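Okay, here's what each chain looks like letter by letter:
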Amino acid sequence: MKKRVIVLGSINTDLVVKVRRLPHPGETVIGGTFYQNQGGKGANQAVAAARAGKNPVTLIAAVGNDVFGRESLAALQREKIDSTYVEVKEDISSGVALIMVDERGENAIAVASGANSALSPADVRKVPDSVFETAAVLLTCFEVPVETVEIGIQRARKCGVTTILNPAPVPEELPAELLSEVDIVTPNEHEIARLAGLPQIDEGASMHAAVERLLAYGVRKVVLTLGSRGCFFAEANSAKYIPAFPAKAVDTTGAGDAFNGALAAALAEGREWTESLRWASAAAAISVTRAGAQPSMPSRQEIEEFLKRQG
Ligand code: ATP
Ligand code: RIB
């Protein structure tokens, strides 16, 4: 039965400083608190999918042969995520993200990609057919090379697997045909502006123009995430705005990952589309109320109880 969620993406160790406000260039802000978390969009999304869903999750990714990489692999095992296809690369360090989070939960992030940048198309080609044949959904992002993402999407499509592309961060160069091969694309406001070739978007005409442009590229469904304002979903003949659940944000790092991972899990277990978006929004709303990216991902039971409280 086709149920598995495949996540093709990055693994980072997040080195986080919680500060009163984000510093300006050249400025030092003292008085912060430090913590270290498992992170990386791919690993975060895999953890979000594993906690939110009941189907197996396989992560295709890469770490370096170092302490951070070993800790990341151990963390994936604790989450019961299949890490058979997490490559251990020699002579390159594991990915690291330096993150600052301010009092309002906003962040600034710099990533040293390390081993993530060495995840190659060949690494994806050697994943056995049986993994793709038993998958319902493939979720991927751009913290690994574009050509690697492309192979993952192509292999998934050949096996009839639904593909979700979280286009974060948008690469300098994107092959024109890549978006036409994707079922669902989930940009935030900055990402959709870049994908659509617009300087920026607001929630008026420019948002609709950007979404239309993505649909014209051949994407089946666009889910534009709008932070605390929720998300806007559009496909060929319909569009719908889905407000976010009210939440007191402590740290929004990984909100998008919570959303994408939970969406993938919901679709993989056959939930209907609008219900899947509601499930994803609930997971993301819970995640922003807690510190850190991966530690903030809610369990299935937490999402169910949260939704019951919403009525
Ligand atoms: P990040 O890069 O920080 O992981 P993102 O920019 O990819 O996030 P957002 O658009 O910020 O993604 O958020 C994704 C989803 O999370 C939103 O569509 C919304 O459902 C939920 N969300 C984000 N911020 C909040 C908030 N403050 N309160 C409630 N829900 C939120
Ligand atoms: O989406 C949040 C993630 O982005 C963090 O965990 C960090 O590792 C960066 O990759």
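Quick caveat: nothing in here was measured; it's all calculated off a predicted structure.

J.: Looking at this structure, I do not really get the site of ligand 2. What am I missing?
T.: Asn12, Asp14, Gly39, Gly40, Lys41, Asn44, Ala97, Glu143, Gly254, Asp257 and Ala293 make up every residue found near ligand 2. Within the contact set of ligand 2, an oxygen atom lies 2.9 Å away from a backbone nitrogen or oxygen of Gly40. Measuring from an oxygen atom of ligand 2, one finds a side-chain N or O atom of Glu143 at 2.6 Å. Here ligand 2 has 280 Å² of accessible area as a free molecule, and 97% of this is covered by the chains.

J.: Mind showing me how you'd approach the site of ligand 1 here?
T.: In the vicinity of ligand 1 there are 20 residues, among which Asn188, Thr225, Gly227, Gly230 and Gly256 approach most closely. Ala255 is positioned with one of its backbone polar atoms (N or O) 3.3 Å from an oxygen atom of ligand 1. Within the backbone of Gly256, an N or O atom sits 2.9 Å from an oxygen atom of ligand 1. The fraction of the free accessible surface of ligand 1 (620 Å²) that becomes covered by protein chains is 86%. The set of elements that each furnish at least two residues to the shell around ligand 1 consists of helix 8 (255–268) and helix 9 (273–287).

J.: Would you mind going over helix 7 (residues 205–216) with me for this structure?
T.: Relative to the 16 Å expected for 12 residues at 1.5 Å per residue, helix 7 spans 16 Å between its end C-alpha atoms, a close match to the ideal helical length. Where the residues of helix 7 are buried, they touch strand 10 (184–185), helix 6 (189–196), strand 11 (221–225) and strand 12 (231–235). The first or second residue beyond helix 7 is Gly218, which carries a positive phi of 110 degrees.

J.: I keep staring at the side chain of Asp66 and nothing clicks. Help me out?
T.: In this fold, Asp66 is placed in the loop between strand 4 (57–64) and helix 2 (67–78). Although Asp66 is buried, it makes no salt bridge; Arg70 carries the closest opposite charge, 6.2 Å away. In this structure the side chain of Asp66 is engaged in a polar contact, spanning 2.9 Å, whose partner is the backbone nitrogen of Gly69. Apart from the residues lying within four places of it in its own chain, the contact partners of Asp66 are Ile92, Ser93 and Ser94.

J.: Mind showing me how you'd approach the sheet that holds strand 13 (residues 238–242) here?
T.: In a beta sheet, neighbouring strands are held together by backbone hydrogen bonds and run either parallel or antiparallel to one another. Spatially, the nine strands line up as an open sheet ordered 5-4-1-8-9-10-11-12-13, and their pairing is mixed. Unpaired on one side and paired on the other, strand 5 (86–89) and strand 13 mark the two borders of the sheet. Each of strand 1 (4–8), strand 8 (135–141), strand 9 (162–166), strand 10, strand 11 and strand 12 is contacted by helix 8, which is oriented at about 165 degrees to strand 8, the strand it contacts most.

J.: I tried to follow the pairing of strand 2 (residues 12–18) on my own but got confused; where do I start?
T.: Sheet faces and side chains relate simply in a regular strand, where the side chains alternate between the two faces. Across the seven residues that make up strand 2, a large majority, five, are buried. The pairing of strand 2 with strand 3 (residues 33–39) spans seven bridges and is classified as antiparallel. The residue of strand 3 that forms the bridge with Val16 is Tyr35. Summarising the sheet, strand 2 and strand 6 (residues 95–101) pair through seven bridges and their orientation is parallel. Note that in strand 6 the partner of Leu15 across the bridge is Leu98.

J.: Is there a simple way to explain the sheet that holds strand 7 (residues 107–112) in this structure?
T.: On the basis of which strands lie adjacent, the open sheet formed by four strands has the order 3-2-6-7 and mixed pairing. Each end of this open sheet is capped by a strand with a single partner; those strands are strand 3 and strand 7. Neighbour-to-neighbour, the strand axes of this sheet turn through a mean angle of 20 degrees, independent of strand direction. Against the sheet, helix 2 engages strand 2, strand 3 and strand 6, with an angle of about 65 degrees to strand 3.

J.: Help me out: how do you make sense of helix 6 in this one?
T.: Side chains that are three or four residues apart share a direction in an α-helix, a result of its 3.6 residues per turn. Restricting attention to buried positions, one finds in helix 6 the residues Glu191, Ile192, Ala193, Leu195 and Ala196. Considering only its buried residues, helix 6 is in contact with strand 9, helix 7 and strand 11. Between a side-chain oxygen at the N-terminus of helix 6 and the backbone nitrogen of His190 the separation is 3.2 Å; the capping residue is Asn188. Once helix 6 ends, the next one or two residues include Gly197, with phi positive near 70 degrees.

So, how was this worked out
Residues numbered from 1 in each chain as written. Chains lettered and ligands numbered in written order. Predicted model: local features only at pLDDT ≥ 70, side-chain atom pairs only at ≥ 80, totals over all residues. Heavy atoms only, no water. Near = heavy atom within 4 Å. Polar contact = N/O pair within 3.5 Å; in protein donor to acceptor, adjacent residues only side chain to side chain. Areas by Shrake-Rupley, 256 points an atom, 1.4 Å probe, with all protein chains shown as cover. Helix = DSSP H or I, 4+ residues; strand = E, 2+ residues; numbered from the N terminus. Expected span 1.5 Å × (residues − 1). Contact = heavy atoms within 4.5 Å. Buried < 20%, exposed > 50% of the residue type's maximum accessible area, 1.4 Å probe, protein only. Lys, Arg positive; Asp, Glu negative; His and termini not counted. Salt bridge = Lys/Arg side-chain N within 4 Å of Asp/Glu carboxyl O. Pairing = 2+ DSSP bridges. Axes fitted to C-alpha atoms, helices over the stretch in contact; angles between N-to-C directions.

The quantities given are spatial measurements derived from coordinates; they are silent on function.
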